[in-house]
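Structural overview for review
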2 protein chains.
Amino acid sequence: MDEALPLYQQAASLSQVEPVGISCHIGSQLTSLKPFVESTQRVLKLVDQLTAAGIRLQYIDLGGGLGIRYNDESPPTVAEYAAALSGLLAGRSETLILEPGRILSANAAVLLTEVLYLKQSQGRQFVVVDAGMNDLIRPGLYGAYHDIVPVETIEREAFVADIVGPVCETTDYLARDRTLPQVQRGEILAVKDTGAYGFTLASNYNSRPRAAEVLVDSQSYQIVRKRESYEDLVRGEKGF
Amino acid sequence: MDEALPLYQQAASLSQVEPVGISCHIGSQLTSLKPFVESTQRVLKLVDQLTAAGIRLQYIDLGGGLGIRYNDESPPTVAEYAAALSGLLAGRSETLILEPGRILSANAAVLLTEVLYLKQSQGRQFVVVDAGMNDLIRPGLYGAYHDIVPVETIEREAFVADIVGPVCETTDYLARDRTLPQVQRGEILAVKDTGAYGFTLASNYNSRPRAAEVLVDSQSYQIVRKRESYEDLVRGEKGF
């Protein structure tokens, strides 16, 4: 913040440069309004200082970062977020820009995966599924929590298991020490809230083609991205 | 180990199943021979127990895991590894199978990346390069160390910097607190030892096409995998 005012003044002094906006981004998956309010107040103070210095901005980009519910988080609603910001921005002439990402898409998608088999080792129970860290790396990369449920909602006992993929390393897990219904080989599980940082982070690790993407609208659906083939894995390689 | 003998006996009792081998894999990037020797001794003891029980195996797969030098590790040489194993296996009739991976390829590749710019923030120095976590995720995923050197080996001062990519998150780094020659914008750095778990873990995160792969043989080279295009990013999507 301390460097911004002199930098704007320097930019404004250049004949080829016209400062027209300011952007801030304070992080991601925030579950409280306080940091948004505080950072906005600081940005607006700077904008007012710039105005006083003769530099009138047209755009204020307050970034993204509003959190979603993966597990037991209680993020603000969009209405609460809007109310907090509009209170601070009322009467201003600048155009407001926001960069919502996760909050638009994360809860809108599930990753469907089949249970390959169950195994027990040294007192631990494992549910081995056909989706791996190449399909969803957030648990392995960030220790992220994704709710995982069987798509068949029949009544049954619960058990505690690690839900792991078929890739040959310990990072290949979707959940650890998770309580879930006693699932069976062959049934389909839904890994929830995978619409952000899911497919976009997918790789072909272990020579695994990436999954198909399917858009569902009530009772109808469209395959919007084809399942990759083995041919796709070697596309671009010399001689293939 | 305790479950293996009865499981082999159960398998041998089935008319449709013939147990022909045993596999073990004790981990990856091991820099001492001791675990290999100990696990091989345990496997051979089991093989001998199986032979005594009338189950004669044809194959012994001792897996992989031999480490390489990324930084200051002193892994055993292949000759030392071979000597240790052949001492244990001398006179045996089974076929030995090994699964070397990293040791064959890791040191054989570098990731080349251009310095986009240098920046300083709150007393920290950053070298921003055009390779990101989508190109090499080992530092972000495992905290892995990769040596990074400028390809121009001119004499110059050293400095301490984080070497980071252009992707919009804090996981996007190749090295932290690294002492390296005072590099300049526009020059090329080599991220070393990226031949294993490098390109194979690459993704299209942040809509970044994957890099070309180039095979170098002394003074000649071949592009063995084409650089991906933006068209590749949307291949398979409906309407493209």
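One structure accompanies this document, and this report is about it. Here the structure is a predicted model, which means the values were calculated and not measured. (Residues numbered from 1 in each chain as written. Chains lettered and ligands numbered in written order. Predicted model: local features only at pLDDT ≥ 70, side-chain atom pairs only at ≥ 80, totals over all residues. Heavy atoms only, no water.)

**A word on the interface of chain B and chain A**
Many analyses report the size of an interface as the accessible area lost when the parts associate. Contact with chain B, which involves 27 residues of that partner, is made by 27 residues of chain A. Inspection of the region where chain B meets chain A yields zero salt bridges. Counting across the chain B and chain A interface gives twelve residue pairs in polar contact (both at pLDDT 80 or more). The set of elements that each furnish at least two residues to the side of chain B that touches chain A consists of α5 (138-142), β11 (220-225) and α6 (230-234) of chain B. Across the side of chain B that touches chain A, the residue classes tally to eleven nonpolar, eight polar and eight charged. (Contact = heavy atoms within 4.5 Å. Salt bridge = Lys/Arg side-chain N within 4 Å of Asp/Glu carboxyl O. Polar contact = N/O pair within 3.5 Å; in protein donor to acceptor, adjacent residues only side chain to side chain. Helix = DSSP H or I, 4+ residues; strand = E, 2+ residues; numbered from the N terminus. Nonpolar A, V, L, I, M, F, W, Y, C, P; charged D, E, K, R; others polar.)

**Section: the sheet that holds strand β3 (residues 95-97) of chain A**
Backbone hydrogen bonds hold the strands of a sheet together, and the pairing may be parallel or antiparallel. Residues and elements named next belong to chain A. Within the open sheet, the three strands sit side by side as β1-β2-β3. Their pairing is parallel. Every interior strand has two partners, whereas the edge strands, β1 (21-23) and β3, have only one. Here the strands of the sheet are splayed against their neighbours by 15 degrees on average, with no regard to which way each runs. Both strand β2 (residues 59-61) and β3 contribute to a ladder of three bridges, which runs parallel. Residue pairing in the sheet places Asp61 in a bridge with Ile97 of β3. (Pairing = 2+ DSSP bridges. Axes fitted to C-alpha atoms, helices over the stretch in contact; angles between N-to-C directions.)

**Observations regarding helix α2 (residues 34-52) of chain A**
All names here are of chain A. Relative to the 27 Å expected for 19 residues at 1.5 Å per residue, α2 spans 27 Å between its end C-alpha atoms, a close match to the ideal helical length. Within the span of α2, buried status applies to Phe36, Ser39, Thr40, Val43, Leu44, Leu46, Val47 and Leu50. The buried residues of α2 occupy an angular sector of 160 degrees when projected down its axis, which confines them to one face. Facing away from the buried side of α2, by more than 90 degrees, are the exposed residues Lys34, Lys45 and Ala52. Those residues of α2 hidden inside the fold are in contact with α1 (4-12), β1, β2 and α3 (78-89). Once α2 finishes, Gly54 follows within two positions and takes phi at roughly 90 degrees, a positive value. (Expected span 1.5 Å × (residues − 1). Buried < 20%, exposed > 50% of the residue type's maximum accessible area, 1.4 Å probe, protein only. Arc of directions from axis to C-beta.)

**Observations concerning the relation of the copies chain B and chain A**
Mapping chain B onto chain A calls for a rotation angle of 180 degrees and an axial translation of 0.0 Å; the resulting RMSD is 0.0 Å. This pairing of chains is accounted for by a two-fold axis. Nearest to the rotation axis, the C-alpha of B:Ser203 is located 2.3 Å from it, this being the minimum over chain B. (Least-squares fit on C-alpha atoms with pLDDT ≥ 70 in both.)

**Some remarks on α1(A)**
What α1(A) keeps buried is the set A:Ala4, A:Tyr8 and A:Ala11. Take α1(A) and look down its axis: the buried residues cluster within an arc of 60 degrees, on one side only.

**Examining the packing of aromatic side chains**
Tallied over the entire structure, the rule returns four aromatic pairs over all chains. With a centroid separation of 5.1 Å and an interplanar angle of 75 degrees, the aromatic rings of B:Phe36 and B:Tyr81 are classed as edge-to-face. Here B:Phe36 is found in helix α2 (residues 34-52), whereas its partner B:Tyr81 is found in helix α3 (residues 78-89), with 45 residues between them in sequence. Assessed through its relative accessible area of 9%, B:Tyr81 is described here as buried. Between A:Arg176 and the ring centre of A:Tyr173, over which it is positioned, the NZ or CZ distance is 3.7 Å. (Phe/Tyr/Trp six-rings, centres within 6.5 Å; stacked < 30°, edge-to-face > 60°. Lys NZ or Arg CZ within 6 Å of the ring centre and 35° of its normal.)

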